[in-house]
Each structure stands twice: as C-alpha cells, then as structure tokens.
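Commentary on secondary and tertiary structure
The chain contents come next:
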Amino acid sequence: MDVPMAVTAVTAQQLKDAGAVTTRDLSQLAPGLNTVTNGKLIQPAIRGVSSTSGGAGEEQNVAMYLDGVYMASATGNVFTLKNIERVEVLKGPQGTLFGRNATGGAIRIFTRDPGPERELNASASYGAKLKSQDFSLYAATPITDSLAVSFSGNLYDDKGYITNIVPGWDQGKQGQTHSYAARVKFAWRPLDNFKAVLIADQGSYQSDVPYSIAPVDNISSTRNTPGYLGPTGPYTITDTFKPTTNNRTSGISLQLDYDLPTYSLQSTTAYRTNSNHSMLDADRVNLRQGKTVSADSNIWFTQEGLFTSNFEGPANFIAGVYYFRADADAENTSYVNGPITTPGGGLIGNGTLNSQVFGYVKTQALSGFTDGSYAVSDQLKLFAGIRYTSETKKLSNTPVLPARPQLHDETTWRNVSYRVTAQYHFNDATNAYATYSTGFKSGTYNATNAARVDKAAPEKISAFEVGVKSRIGGLLDLTAAAFHYNYDNIQVTQTNTVNGVPNAILRNAGKAVMEGAELEIVTRPIQGFQLRAGAAWLPKAEYTEFANGLDSVPRGYPGSLDPSLCPGPSCGLGNDQIVRDLSGTPIIRAPEFTTNIGASYERDLAGGRLELTSNYFYTTKYYRVPGGHIAEDAYSLLNATAAWWAPGDKVRFSLWGRNLGDQLYYVNVSPNAQGIQASPAAPREIGVSIEYKF
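Let us look at the structure shown here. Throughout this description, residue numbers start from 1 for each chain and increase along the sequence as written. The predicted nature of this model means local features are confined to residues of pLDDT at least 70 and side-chain atom pairs, given and counted, to a pLDDT of 80 or more, with totals for whole chains, interfaces and linings taken over all residues. Note: side-chain values were computed over all heavy atoms of the structure, leaving out hydrogens and water.

Take the pairing of strand S14 (residues 214-220) next. Of all 7 residues that make up S14, 5 are buried, and the element is covered over most of its length. A pair of strands counts as paired when DSSP detects no fewer than two bridges linking them. Numbering goes from the N terminus for both helices and strands, where a helix is a DSSP run of H or I of at least four residues and a strand is a run of E of at least two. Sheet analysis places S14 next to strand S43 (residues 675-680), joined by 3 bridges and oriented antiparallel. Across the sheet, Pro 215 pairs through a bridge with Gln 677, a residue of S43. The cut-offs for exposure are 20% and 50% of the maximum accessible area for each residue type, with area from a 1.4 Å probe on protein chains only; residues under the lower value are buried, those over the upper are exposed, and the others partly exposed.

Moving on, we come to the sheet that holds strand S42 (residues 666-672). Strand order in the open sheet formed by 3 strands is S14-S43-S42, and the pairing between neighbours is antiparallel. Among the strands making up the open sheet, the edge pair consists of S14 and S42. Each strand axis lies, on average, 25° off the axis of its neighbour in the sheet, ignoring direction. Think of each axis as a best-fit line through the C-alpha atoms, taken over the contacting stretch in the case of a helix, with angles from 0 to 180 degrees between the N-to-C directions.

Summarising the element assignment, Pro 671 is placed in strand S42. Take Pro 671: its relative accessible area is 12%, and that puts it in the buried class. Note: C-alpha distance between Pro 671 and Thr 495 (176 residues apart in sequence) is 8.2 Å. Contacts were defined at the residue level, with two residues in contact if any of their heavy atoms lie within 4.5 Å. Setting aside chain neighbours within four positions, we find Pro 671 in contact with Thr 495, Ser 552, Asn 575, Val 625, Ile 630 and Ile 676.

Below, the discussion takes up a positive patch on the surface. Each patch is built from residues lacking any salt bridge and having more than 30% relative accessible area; the joining distance is 9 Å for like charges and 5 Å for nonpolar side chains (Val, Leu, Ile, Met, Phe, Trp, Tyr). Values of accessible area rely on a 1.4 Å probe in the Shrake-Rupley scheme; residue burial ignores everything except the protein chains shown. The salt bridge criterion pairs a side-chain nitrogen of Lys or Arg with a carboxyl oxygen of Asp or Glu, the two atoms within 4 Å. Counted as positive: Lys and Arg. Counted as negative: Asp and Glu. His and the chain ends are not counted at all. Every charge is mapped onto a representative atom, which is NZ of Lys, CZ of Arg, CG of Asp or CD of Glu. On the surface, a cluster of positive charge is contributed by Lys 129, Lys 131, Lys 173 and Arg 684. By the element assignment, Arg 684 lies in the loop between S43 and strand S44 (685-693). When its relative accessible area of 36% is taken as the criterion, Arg 684 is described as partly exposed.

The criterion for a disulfide is a pair of cysteine sulfur atoms lying within 2.5 Å. All told, the structure shown has 1 disulfide when counted by the stated rule. The residue that forms a disulfide with Cys 566 is Cys 571, at a sulfur-sulfur distance of 1.9 Å. What sets the handedness of the Cys 566 and Cys 571 disulfide is the S-S torsion sign, and at about 90° it is right-handed. Among the residues examined, Cys 566 registers a relative accessible area of 23% and is labelled partly exposed.

What follows is the structure, encoded as structure tokens:
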C-alpha cells in the first residue's frame, strides 16, 4: 500500500480461488492488463501498450519476470501458475528500479522458496469436457540447518474441444494441450544476513489451440472454390492436418542477497533457452493449398546488480546495473500444393517448397539506473529516478528460396529515461501520489524479411499518473489511479498473405494517446468472507498519427473498397488489405472497460472446513489489429469452486467450473487477405480435484 505506483498483487490462494491456470488468465485478476495471445506468442497489454511482433530478437513492451529473471522470449511465456507464491503486475513505464526497459509495465512471478520445515503438496484434477488430467507436486525439505531444497512439477494433458469435420478424419479432436514443467530450487542461508538461491527449471508446452484457426462468419477468399468445406460452428474446423506449436524452455539462475544494517546488495545471474517449432494449414480449410512452418530459438544471459540503502536519515536510494545478451534465430518456410496426408489427416509430406528464409539477431544491452527518495517531512516524500541504456542489435538474413543476397545490418540505440514522484501521507492508512515518467523500448528488426533490411526505430512513452491508496478501518483496502500517456514511434507488425506466403511488415506507427482510470478494492466485512473487485476504464486509446497503415476489411463490408458487394456471392470473399491513414482509429488490445469480482467464503463444516470461491470477469470489445474493423466482441467469464478440507486440514476435495456461462471468445484471431480466421478458447469445463498437503 505504500508503493507510489499502480501495482496489482495476487497471492497463490487468490490465483487458485479465481481459477487462473496459466499466464493467459492473469487479465481476469489485474485491471488494465490484457493477456492476449497472437499465434504462438503471448503479448500482454497494459493500458493499451503492447507489442505486435514476435520475431527473432523482438521483445515485449510488458516485461515478464520469473523469480527475478527476465523472460525474453514471448513464445516461452505461456506456462501454468502452479506452486506460485505471488504475482505482481506493475503498470506504467519501468526501468529505474530493476531489470529491463519496459514501456508498458512488468509482470513479476515468484515461486515458493524452501524453508526450515518439510512440506509436501500434491494435487490431481480431472475435467469432464476436455477429459483433462492435471497433476501437480511440490516437495521441500531441509538438508542441513542452513541448506534446503524444493522440487515442483506439473503435468497436464487433455483431449481437445474442437471437432474436425473433414470426412474420414481420424486424428482425434483439435484444441489439445500437453505440457510439463519441473523446477529445483536450493536455498542456502549460512548467515542471518546472507542467502543464496540456485534455481534450475525445464518445461515443454505443446498445443494446437493457437493454430486451430478456422474462417469466422464465413469470411474466406476460398469460400467459392470447388471442394471448399467450411466450419459449421465455432468449435468445428476443416484443417487438412493437425497443426501444432511445440515450445521447450529451460534455465538456471543464481541470486545472492547480502544485508547489512545500512544497505543491502543483490546479484542475479541467469542463463535461459527457448525453442519453438510450429506448423499450420496455410488455407485454414481442406483445400490443400499450402502449409506454413516456423522455427525459432533464443538463448540469453542476464546479469543484474543492485545496491539498496537503508539509512536512518531522510534520504535513501537504489542503484543498479543490468546486462543483457541474446542470440535469436528464426526460420519461416512455406509450401504449396500440399500438404500430403493419409485419408484420415495424418501428415506424410509437406508439398512443394515455395519460400524459405532464415534470420538471426544478436542483442547486447547495458544499463545503469538509480532511484532515490527524500522525506521532506513525515507526510511528504519525493522520489526521482534515472536510467541510461545502450543497446546494439546485429541482423543477418539468409534467403534460400527465392534466392537473394544476404542482408546484414547493425544499429546501436541509446536512451535516458526517468521518473519523478511526489507522495503525501495523510495518515498511517492513506497516501496519495503523482508521477511523471518516461519509458524506452529499443529499435527492432524483422529478421525474416528477405526483401530489405526491415527495421523500426525505438518506441518512447511519457506517462503522468495520480493515485491514492487507503486502508480503511481494517475492513477495506482501496487503490485508485488515473493516467495520461503519450506514446510515440509505436512499433507495429502487420501481416498479409500473398500466394500462400505470410508477409510481415514492420514499421513505426506515429503516435497514440491513452487516458483512463483504475480502481481496486479488497474487503473483509465478516469473518470468513472476502470480496476482491477491480475495474479499468479506458475512454481514450487511439492512434493520433498513423499514416499509411494497413487496414484489413472484409470485402463488401463498410470501409472496404467496394461496399456494393454485400449482399452477394462476393460479400466477405476474403479481406481487402487497404493502405490508408489510420489516425483516429482505436489502439489494439485496449477495451474501454473491464471488471473483475472475486469472492471467497469459508466456514467449519462436518469437522472440516468448507471453501466457496468465485471469480467474474467482463470486458467490452477490443480490436485485434489496427484499423477499427476486426474486433473481439464483449464477453464475460465466470469461474467457481466448492471445496471441503477433511478434518486435520490435510486433504481437500473440490468441484470446480471454468467459463460456467459457456461464453465464446478467442485465443487467436488472424485477419489477412484470405479472410478472418480464429481459434476459440475452451468452452464450459467442469471438473474435480483432490489435494494433499502437510
């Protein structure tokens, strides 16, 4: 409550109560956060600030951290929220306190540390609709008086929820996910003021959900082609073969903490890898017009050092250095006249190679930062921070087909960003703050554009925020914030498909303005009952300068090249890809209003303990791509759990439901010249769980 910035903190219990399973679900708990997935990528947006690119060397505007380690690869950031201690969502530009530059904010996920006591927590769940099986284990034990170790693991498997209606299909349902994750953590405390934590983890995430995309509303350029078979409902599909995205991630980190009476030192060293292989049906239906394959890998090393003062006087500060190095590569390959499959959809061959390109980006960045505070009086405290960044990226591009000369480029970007804050404490329970801050995201390359060196300039943002935080009578915690952003040189990647080949176009989109407000409350009006609620209002989020943007509009629809095509046989026969001035159109991934309401109640029952929890989330519509034509409609989600702890509080039985309203919404929406294709999220799922702990 005393931190002068907008932060949503979620405990492990609150994650469980809300039915949050993966990082995709965090938007149901944090006002202003939209955890959008774009194919194999997760691209979170905070207050409308997000990234649309996920190529080699590209990083997100909202930085994600796991146990203090920066997660640089967007393809590796969809993972389960098991054995988590807490999640923090920091809103607004980040950079003067820790870690990597971030124009939108940061998501910090912390796992449990082993301690002096033995712990065991094991659970198993089964979901009826997807026939899902979810197993989780956490075990911790001391080895000596100063050394403890923990192991956590999770295994998930389901049978899918999307039916392929191609005659003879024998590959089972689509919409399947299979994943595992394992983590070992050693905590060594030889002294009262020194701690070392060594962590090693590995995980795999395989799913066809992001690429089980089918034409929406019959908008498809191939609809009138002989033999065309389209979906008959939102959970049906007509792919020629089963698509997939297969992601593997691993890492090791060492964190050292040394505390003295007047200051503390912290060092975090990390090495991580991530690789992804994906393939999808290029025409999204049964016509065998092509197959698209992408493969990428990322290896990165980070080193951070922090000095934090704890002086008795009015002044204190944090100072740090941050080093980041990454080697990222990507391959994009497309085939036509295929793929070749068995009559039941089993993949035999790819078809005819149509295009192939390899891209490589090497990144090296060094930053220094400091952030200080000065207590002018018992009520008034002033803060000021500054960060200097120097970042160099090197591009290599090798086209194989069609054959072209290799491309090479190298650029260094430098920046100074800062923040200033004033905080006033009205009393011990209530304070208000005002902050002006700037943020920076370095330039980037489109590594797989073989036609030219495709490069975008750095993004910059300036943000003004005011807020109030109050703890009222021990019954109500309230935080509120209002903000105004000026967002410049927005990096935008827009994709068109020509002759079956996806073409990504990288550019800067001028300027945007965002204005809004957020509110969060937590109250405990009676014993055993807690209510948690949040809301975000974003009445203004638009591009103020966006000349020559690519607008995707269904043919014959308002705003298309020829609206007279509707009604008629050519209505919705793909999309018109129109280059036009998109100034004044809505920012993507920025719903005007969202709200979440979570309630939990517990009481003694039959010698044990009853737990009842629910979480409701609602969002107004928001746009998936620039132009103001392709939108995700408004939807709401309701999750709930009824659980009973047996006497002794060691065994828990639960009945749970997710998406109880059976709402249709989408994991991935992919508009291009072919039309609008989308992959639906899972429908209503009801299941049971058993948990054991000591």
